Structure formats: C-alpha cells, structure tokens
Amino acid sequence: MEYSETSVRLIKRTRSLYLEKTKLWNNHYYLGYSHLCLVQDSLKDVNSITKRESCLLLEKDVKKIEKNLNKYLTVELNRNQFDSLISLVYDIGIKRLITDEMFVFINNNKFVEASLCFSKFNKYMKKPIYRLIKTRKEEQKLWNKPIE
C-alpha cells in the first residue's frame, strides 16, 4: 500500500516545523517537520532549511516508512489504518513498532486491540508528553475512522 496525503497532513498538523536546527527537550536536534537529525544523517551539517525543503524531506521520510511497513505487514490494512501507522512510525521508528505487541495484534487481524495500543507511545523516559498524547489520539482516531 502507498501512503496518502492524509498521513502527510496528519504529520504536518501534529508536529512542529523547524526551519532552523533546534535542540529539544529530549536532547536531540530536529529540522523540518520534526525530522530527527542523527549523527549519520545527511543533514548533520545543515543548520537551516526552507519550508519547501522541509516538505521534500518529509516526503522522503514517509516513502521510507511506507517501504518498511509494506515489508513487515502480513495483512491488508485500510487506507486510514495505514496512514495512521505512517504517522506513528514517523515518531517511534519501524524497529520499535515491529517489536511491540501492537504489531502482533495488527498482523493477527486484531485491529481493536491494536487501536488500544496507540496511547502507550505517548511518553518519553516514562513521562507522558502532551504533544505525544495529542498526536497518538489523532492517530488512533484516524485508525478507527471508517472508510467512506
């Protein structure tokens, strides 16, 4: 399955846009739509970015997430479920998702149980973070939204 604009809009709506490299509360640097800048990242020496470059970076990140989700999913998801996972993985990473019981629920067609797992990803170092609580609720709402 391919991501849709819904996942991109969700990420843009629930993450901050950093046009300057910014060190946040978790001691990591971010650029663009809350793109985590790692030591091995191609952006490690970039200190600023335009809004257009931020959108291109987000698209690149989402395509990578899409590829990884398709690699590990063994069941068919609907559009909203897939897009909500794109947003979740944007924050937590594919390795965290595929090693969690949520992914076991998903791959066993236990979608209600999987939906209840979104809230477990709203903490940093065991502390609930308001932005993460809000984002996980948005993702869960999209996950449960019927396809029209």
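Residues numbered from 1 in each chain as written. Predicted model: local features only at pLDDT ≥ 70, side-chain atom pairs only at ≥ 80, totals over all residues. Heavy atoms only, no water.

## A short note on the packing of helix H3 (residues 79–92) against helix H7 (residues 130–144)
Quick note on the threshold: Lines are fitted to the C-alpha atoms to define the axes, a helix being fitted only along its stretch in contact, and any angle between axes, read from their N-to-C directions, falls within 0 to 180 degrees. Helix and strand definitions follow DSSP, with helices as H or I runs of at least four residues and strands as E runs of at least two, each counted in order from the N terminus. By definition in this entry, angles of less than 35 degrees are roughly parallel, angles greater than 145 are roughly antiparallel, angles of 65 to 115 are roughly perpendicular, and the rest are oblique. Two helices that cross are described as forming a left-handed crossing if the nearer one is turned anticlockwise from the farther one by less than a right angle, and a right-handed crossing if clockwise. Contacts are residue-level and defined by heavy atoms, with any inter-residue pair within 4.5 Å sufficient. Residue polarity follows a fixed list, in which Ala, Val, Leu, Ile, Met, Phe, Trp, Tyr, Cys and Pro are nonpolar, Asp, Glu, Lys and Arg are charged, and the others, Gly among them, are polar.
At their nearest, the axes of H3 and H7 sit 7 Å apart, and the two run at 160° to each other. Here H3 is positioned roughly antiparallel relative to H7, judged by the angle of their axes. For the pair H3 and H7, the sense of crossing is left-handed. On the side of H3, the interface is formed by Asn 80, Gln 81, Asp 83, Ser 84, Leu 85, Ser 87, Leu 88 and Asp 91, while H7 contributes Arg 131, Leu 132, Thr 135, Arg 136, Glu 139, Leu 142 and Trp 143. For the contact of H3 with H7, the per-class residue count stands at five nonpolar, five polar and five charged.

## Describing the pairing of strand S2 (residues 29–33)
To keep things clear, this is the line we draw: Only protein chains enter the accessibility calculation, which uses a 1.4 Å probe. A residue is then buried if its area is under 20% of the maximum for its type, exposed if over 50%, and partly exposed in between. In this analysis, strands are considered paired if DSSP registers two or more bridges between them.
Counting buried positions along S2 yields four of five residues, so the element is predominantly enclosed. Counting the residues in the hairpin turn of strand S1 (residues 17–23) and S2 gives five residues, including Asn 27, whose phi is positive at 70°. Judged from the three bridges that link them, S2 and strand S3 (residues 35–37) form a sheet pairing that is antiparallel. Directly across from Tyr 30, in S3, lies its bridge partner Leu 36. Between S2 and S3, which pair antiparallel one after the other, the connecting turn spans one residue, and Ser 34 there sits at a positive phi close to 55°.

## Observations regarding the sheet that holds S1
Spatially, the three strands line up as an open sheet ordered S1-S2-S3, and their pairing is antiparallel. The open sheet has two free edges, formed respectively by S1 and S3, since each of these has just one partner strand. The mean inter-strand angle of the sheet, taken between neighbouring strand axes irrespective of direction, is 20°. Docked against the sheet, helix H2 (residues 51–72) engages S1, S2 and S3, running at close to 100° with respect to S2.

## Quick look at the environment of Tyr 18
On the secondary structure map, Tyr 18 appears in strand S1. On the accessibility criterion, Tyr 18 (16% relative accessible area) is buried. A sequence separation of 119 residues divides Tyr 18 from Lys 137, and the C-alpha atoms of the two residues are 23 Å apart. Among residues more than four places away in sequence, those in contact with Tyr 18 are Leu 24, Tyr 30, Leu 31, Gly 32, Ser 34 and Ile 49.

Keep in mind these numbers describe shape, not what the thing actually does.
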